[in-house]
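What follows is the residue order along each chain.
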Amino acid sequence: MTVLATPQPTISASETGTETVPLLEVENLSTEFATHAGTLRAVDGVSMSMTAGEVLGIVGESGSGKSVTALSILGLIRAPGRVSGGSIRFQNHGELLTKSASEMRKIRGDMISMIFQEPMTSLNPVFRVGWQIAEALRLHRNMSKAEATERAAELLERVGIASPRKRVSEFPHQLSGGMRQRVMIAMAMACAPKLLLADEPTTALDVTVQAQILDLMVQLKEEDGAAVMLITHDLGVIAEMAQKVAVMYAGVVMEEADVGELFDEPLHPYTQGLLNSIPRGHSRGSALKAIPGIVPNLLHLPTGCRFRDRCPAAHAPCGKAEPPLQRMPDSARKVRCWLHHPEPPK
Amino acid sequence: MRNYLLKRLAQTIPVLFGISVLVFSMLHLAPGDPADLLLGPDATPEAVAELRSDMGLDRPLVVQYGAWAGRILQGDFGRSVVLNRAVLPEILKRFKNTAILTAGALVFAVIFGIGIGILAAVFHQTAFDSTAMLVALAGLSMPTFFTGIAGILIFAMGMQVLPSSGMYPARGGDFFDLLRHLVMPAITLGAVSAAILARMTRSAMLEVIQQDFIRTARAKGVSERGVVWVHALRNAAITIVTVLGMQIGYLLGGSVITEAVFSWPGLGQMMVRAIQARDYPTVQGGVLLIAMSFVFINLAVDLIYAWIDPRIRYS
Amino acid sequence: MGSLLASAMAIGLAHSAYASDDDTIVVGLQAEPVTFDPTQISDLNTSRVARRLYEGLVGLKYGTYDLEPRLAESWEISEDELEYTFKLRPGVKFHDGTDFNAEAVKYSFERQIDENHPAHGSLTYRGAPSYLGPIDKIEVIDDLTVKITLKNPSGPFLARTVGMTMRIISPTALKKYGDDVGQYPSGTGPYMLEEWEPGIRTTLAVNPDYWGATPEIENLIYIPIVEPAARLSALTTGEIDLTVDVPFDSLESIKENPDVELQLGDSAHVWFVALNTQLSDPPFDNVLVRQAMNYAVDKEGIVKDILQGTASVSSGPLSAAYGALQNTDVKKYPYDPEKARALLAEAGHADGFGNCEFMVPESGSGMQAPIEMGTLIQANLAAVGINCSIQTMEWGAYLKAYREHPQMAQMSWNPPIGDPDIVLNNLLNSSNFPPGWNAGSYKNERVDELVSGAQKISDPDARREMYLEAQTLIAEDAPWIFVNHGSQIVAHTAKLKNFLVSPDFDLIVEYATFEE
């Protein structure tokens, strides 16, 4: 049984006190997958908001719904999955969920682009990397083949690839993993998107290369003014790059806060668990130490709070009802936990 | 690419040499003396002796091979015992006909096999997909002579829309006539290959479509058509070309039965008659020609491979 | 699929007018011609074409085995039956325009006999011993007279001059084309080769200078169609006008088709089961047992049910195609299982016997439906207590095994010429014991004497008497189970008239016409 979350107010410009217009507003997003065993809700009423140039970190264990959220925003959820409810509004383009396939294609790769976790398999092995970068330019900028290829070489140079004129005509298998991720970034940045969805962009890379790639992303984001949704399970990366953080667990947001607040004083026991699992002395590049227990099967969620089975602070109200994402007094942060709720069920 | 081409060409030389040794040995490995075989059971000893020295069978094998290979290289494939004509022009004429039939079958198999395979993958788990795969399974299990004779009975005898046999009508023989006569044999011969190609293309496409780079392409804003026909097909083509290469071999071999059913004047029919008549020069010439075409088809497939898959070209 | 069908129909309809003009006969053969060098032709399909191109000194009266003058107007045979003097027809020209004369006859024959002859090298199969073997020398008496001297008298010699090997080819063509003469035929026949496209068609055109009556039909086109169903289909759609070897199971559908006519031609074919007459176990050495087996087999049933009436029941080696040479007044073996049992009892085998092995080919030239026929014969014999097991073999292996002492084996024979010698001597003379075609080791001294004797004389009446007596003895001895004489089954468009089938399996189209 799934508990439908009630619509939650998003973090809006007026509330945070800044004057920026929201770039992306996700409201009560639900994405389902039909399986033989039943319908599985991978994203269950998620709401979030981003402003231009902002970095939002999304953190959580595997299967928490981070990647599905990003793919839902990009309209890339394919059968047997579907976005079953909610709203995604993007800048002046309005509601994305009601856009036609061809309208979405115009947005993808142009306004919103995405970098994936696996640079080894995310590039097409039978096409030259220059062609693959140029493809986005030809699709969205109507560039000729020659112009696009020239621009692809410039983009390669910009992402720090040496001798880019030679590299454009090489194939992915001729490049190292780090270089391929640079190519992916060049491809994603080709049309100077307003929003970059980065799904674990450094996870598959060596530690030293991870740092270079993150630095590159920061640099490009600064230059182009793009907002970045940084999906990771590495809290160190979040601390380094993000201004805001959403902690996801089993398809819902558990806690949402500015990055400083979150690291200084994590409220949710799950967030506390995640932070405790970072080895001391390392701020980046360390894998999470697992919290005891496993992420619950989304087809068979526990009643009440979905973290209850693994929660060290679980108490009576936790089994009775799922806590709402409750805004904390005098702050923009929100927590989904009865410990922090004024009226937990009796 | 040029290096790769030269390397592959060089590799064919020992293969061709091996084939020539095998073909040469055919006559010598068959039980009994080649002269006896050629002259048949009623030969007189004098005739056998005469033929032995005519053929140079009294010389060492290596010398015989050298002389034979030398003649082959100069295009002298000997004279057909039955037709009493030079072998090479005859087998080339027939080979051309077999090539036309095979090419027709290939075109059919490629258009229908690959086309249906791709559509079945795109419309995965729909009624189109399951119907196409059922038809393909039926196509696979249907023996060529059955399809062929059924075709003759339905389209030639019953509906009278297509000719039943041969390459040309009794009179005339323009390109259009050839096309009409090609339809049934080509479909008959190509049906099994089309079925195999459809199944292989479908599974290759389904596998490719699951890949991460397809998601990347979609994230870039590539249309579904571009995803399928450019990004996925080029990758699936690696599997498809392998299957296709094997199918060309199968089609060349399978043409023997189709040629018999439709009286198509190809090399297969000629070889069957030559074998029955112990016409060794013709058999040797035909086997050599078919084997050589296999080698060059394989070479072509490998080159296409390298063209499609840069990982082969650059390693 | 629908659009495929539609486009197939569109192509078909756009071109469905098969050009079957009234000045052309299109013949569907089972295979294409191999060579047009008359000495090298050994298969029926090639000779069905080549007989239009070449003629011999003597010919067959169309549709019979009766001899009549052809390139020779007349001939005389010397008293000692060794010298044959042929008076040649004047004014005959070869297709290449050169004259037919005595020198040409000498050249054609000596090419095959004399190993030092300049044209001998163009022969792949050399010798042709059975046809030209008896010839001692050939002399040109004058331009239109040729004398052939034999080593010994030969009864069948005149009949053999009808055969393909003894048809006359232009010496000029032989000199000009050498080894390639098979592609550039030049005879004297009513048709000439116009175009030969290997595997596709062979086109003949009428010979405008033919010495005899010029055929009405301008062109003959022979196309090879291997598959019987495709041949029939081509006939029903009008693509071809005439075809041979219609499968038994298609006869009914042809009979119902008003546009197609079925023609059954008498032939010299004979189908039999050879019994090993030297074998005591199973007791095939006992003439009563062999006669019993002849009574036991339902030959009428085989002809009616399996062969669909396309054959006649056999009572000896020679068929009705031999005319007066066939002895019809011989011992007959109608289907009579009671009589078979009585004869077996008389022979001391009242309970029958087993352990007999019956060899049956899977298929074969002239073998009709060997497995069905073998199975029926097996059942007929079992009904009178003779239990045989059937052993099937592929045709090539079968031919070899047949000549090497089988117990009991099927065979058929298609004599290429109309002389009884080719049947009786080859199949039943003890000089052809295994390994040889007398596979049952049949030996009757009187039969040997008659058959060998008839080879050495040429007086037709004397030879006929000898062959008639031999046939009486053979019927009495029952060395075979006599089964049937198959007809040639030819199907042609109903418009085709005056077309003849010849007992030697030739298709005589020279004097055919089209009528609406």
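Just so you know, these numbers come straight off a predicted model, no measurement behind them.

**Notes on the side chain of S64(A)**
- Here S64(A) shows up in the loop between β3 (55-59) and α2 (66-74).
- Apart from residues no more than four positions distant in its own chain, S64(A) is found in contact with A42(A), M248(A), Y249(A), A250(A), G251(A) and V252(A).

**Some points on the UniProt feature "transmembrane region" (unreviewed entry) in chain B**
Residue and element names in this part refer to chain B.
- UniProt feature "transmembrane region" (unreviewed entry): in the numbering of this structure it lies at residues 12-30, 99-122, 134-158, 178-198, 248-267 and 287-308.
- With 92% helix and 0% strand, residues 134-158 has its two end C-alpha atoms placed 26 Å apart.
- Annotated as residues 287-308, this span is 100% helix and 0% strand, and its ends, taken at the C-alpha atoms, are 31 Å apart.

**What to know about the packing of aromatic side chains**
- On inspection of all chains with the given rule, the structure shows 26 aromatic pairs over all chains.
- Seen from their ring centres, F24(B) and Y65(B) are 5.4 Å apart, and the 80 degrees between their planes marks the pair as edge-to-face. Note that F24(B) is positioned in helix α1 (residues 2-29) and Y65(B) in helix α4 (residues 61-73), a separation of 41 residues in sequence.
- Ring centres of Y210(C) and W211(C) lie 5.2 Å apart, and the angle between their planes is 45 degrees; on these two criteria the pair is classed as tilted.
- Given a relative accessible area of 28%, W211(C) falls into the partly exposed group.

**Some details on the arrangement of the chains**
- Most contacts, among the two pairs of chains that meet, fall between chains B and C.
- Looking at chain A next to chain C, you find no contact at all, with the nearest C-alpha pair sitting 30 Å apart.

**Here's the deal with the UniProt feature "domain: ABC transmembrane type-1" (unreviewed entry) in chain B**
- Per the UniProt entry, the sites bearing "domain: ABC transmembrane type-1" (unreviewed entry) are residues 95-305 of chain B in this numbering.
- The span residues 95-305 of chain B is 83% helix and 0% strand, and its two end C-alpha atoms sit 26 Å from each other.

**Some points on the interface of chain A and chain B**
- In this complex, chain A contributes 30 residues to the contact, which on the side of chain B involves 22 residues.
- There are two salt bridges connecting chain A and chain B.
- Linking E224(B) and R78(A) is a salt bridge whose minimum nitrogen-to-oxygen distance equals 3.6 Å.
- Connecting chain A to chain B are eleven residue pairs in polar contact (both at pLDDT 80 or more).
- Breaking the side of chain A that touches chain B down by element, the ones donating at least two residues are α2, β6 (112-115), α4 (119-122), α5 (129-141) and α8 (177-189) of chain A.
- Top element by residues in the side of chain A that touches chain B is α5(A). It accounts for six residues.
- The residue makeup of the side of chain A that touches chain B, split by class, is 16 nonpolar, eight polar and six charged.

**What to know about the sheet that holds strand β10 (residues 219-224) of chain C**
Residue and element names in this part refer to chain C.
- Judged by pairing direction, the sheet is mixed, and its seven strands sit side by side in the order β8-β9-β10-β1-β11-β19-β12 without closing on themselves. At either margin of the open sheet sits one strand with a lone partner, and together these are β8 (191-197) and β12 (260-265). Strand-to-strand twist in this sheet, taken as the mean axis angle between neighbours without regard to direction, amounts to 20 degrees.
- Sheet topology places strand β1 (residues 24-29) next to β10; six bridges connect them, and they run parallel. Directly across from L29, in β10, lies its bridge partner P224.
- Contacts between helix α7 (residues 228-236) and the sheet are confined to β1, β11 (242-244), β12 and β19 (488-493), with β11 contributing the most and set at about 160 degrees to the helix.

**As for the pairing of strand β2 (residues 38-51) of chain A**
- Judged by how many residues are buried, β2(A) sits mostly within the fold: twelve of 14 residues are covered.
- In this antiparallel pair of consecutive strands, strand β1 (residues 22-35) of chain A and β2(A), the connection spans two residues.

**As for the interface of chain B and chain C**
- Counting residues at the interface gives 41 residues for chain B and 43 residues for chain C.
- The largest per-residue losses of area from chain B upon contact with chain C belong to R85(B), A170(B) and R171(B), which jointly make up 18% of the total buried on that side.
- Where chain B packs against chain C, one counts two salt bridges.
- Close ionic contact of E32(C) with R94(B) constitutes a salt bridge, the shortest N to O distance being 2.4 Å.
- Counting across the chain B and chain C interface gives six residue pairs in polar contact (both at pLDDT 80 or more).
- The set of elements that each furnish at least two residues to the side of chain B that touches chain C consists of α5 (87-122), α7 (144-158), α8 (175-209), α10 (224-261) and α11 (267-276) of chain B.
- Among the elements that make up the side of chain B that touches chain C, the one with the highest residue count is α8(B) (six residues).
- Of the residues that constitute the side of chain B that touches chain C, the class distribution is 23 nonpolar, eight polar and ten charged.

**Regarding the sheet that holds strand β7 (residues 145-150) of chain C**
Residues and elements named next belong to chain C.
- The antiparallel open sheet is built from four strands, whose spatial order is β4-β5-β7-β6. Of all strands in the sheet, those with a lone pairing partner are β4 (72-77) and β6 (135-142), marking the two edges. When strand polarity is set aside, the average angle formed by the axes of neighbouring strands in this sheet is 20 degrees.
- Where β4 lies against strand β5 (residues 83-88), five bridges are found, and the strand directions are antiparallel. Residue pairing in the sheet places W75 in a bridge with F86 of β5.
- Packed onto the sheet, helix α3 (residues 102-113) meets β5, β6 and β7 and runs at close to 165 degrees relative to β6.

**A word on the pattern of salt bridges**
- Taken as a whole and assessed by the stated rule, the structure comprises 47 salt bridges over all chains.
- D180(C) is the partner of R79(B) in a salt bridge, and the nearest nitrogen-oxygen pair spans 2.8 Å. Placement of the pair is R79(B) in the loop between α4 and α5 and D180(C) in the loop between α6 (171-177) and β8, with the two residues belonging to separate chains.
- R218(B) is the salt-bridge partner of E224(B), the closest N and O atoms lying 2.8 Å from each other.
- Under the relative-accessibility criterion, E224(B) is labelled partly exposed at 34%.

Rules behind the numbers
Residues numbered from 1 in each chain as written. Chains lettered and ligands numbered in written order. Predicted model: local features only at pLDDT ≥ 70, side-chain atom pairs only at ≥ 80, totals over all residues. Heavy atoms only, no water. Helix = DSSP H or I, 4+ residues; strand = E, 2+ residues; numbered from the N terminus. Contact = heavy atoms within 4.5 Å. UniProt positions renumbered as here; feature names shortened; annotations may be inferred. Phe/Tyr/Trp six-rings, centres within 6.5 Å; stacked < 30°, edge-to-face > 60°. Buried < 20%, exposed > 50% of the residue type's maximum accessible area, 1.4 Å probe, protein only. Salt bridge = Lys/Arg side-chain N within 4 Å of Asp/Glu carboxyl O. Polar contact = N/O pair within 3.5 Å; in protein donor to acceptor, adjacent residues only side chain to side chain. Nonpolar A, V, L, I, M, F, W, Y, C, P; charged D, E, K, R; others polar. Pairing = 2+ DSSP bridges. Axes fitted to C-alpha atoms, helices over the stretch in contact; angles between N-to-C directions. Buried area = accessible area lost by both parts, 1.4 Å probe.

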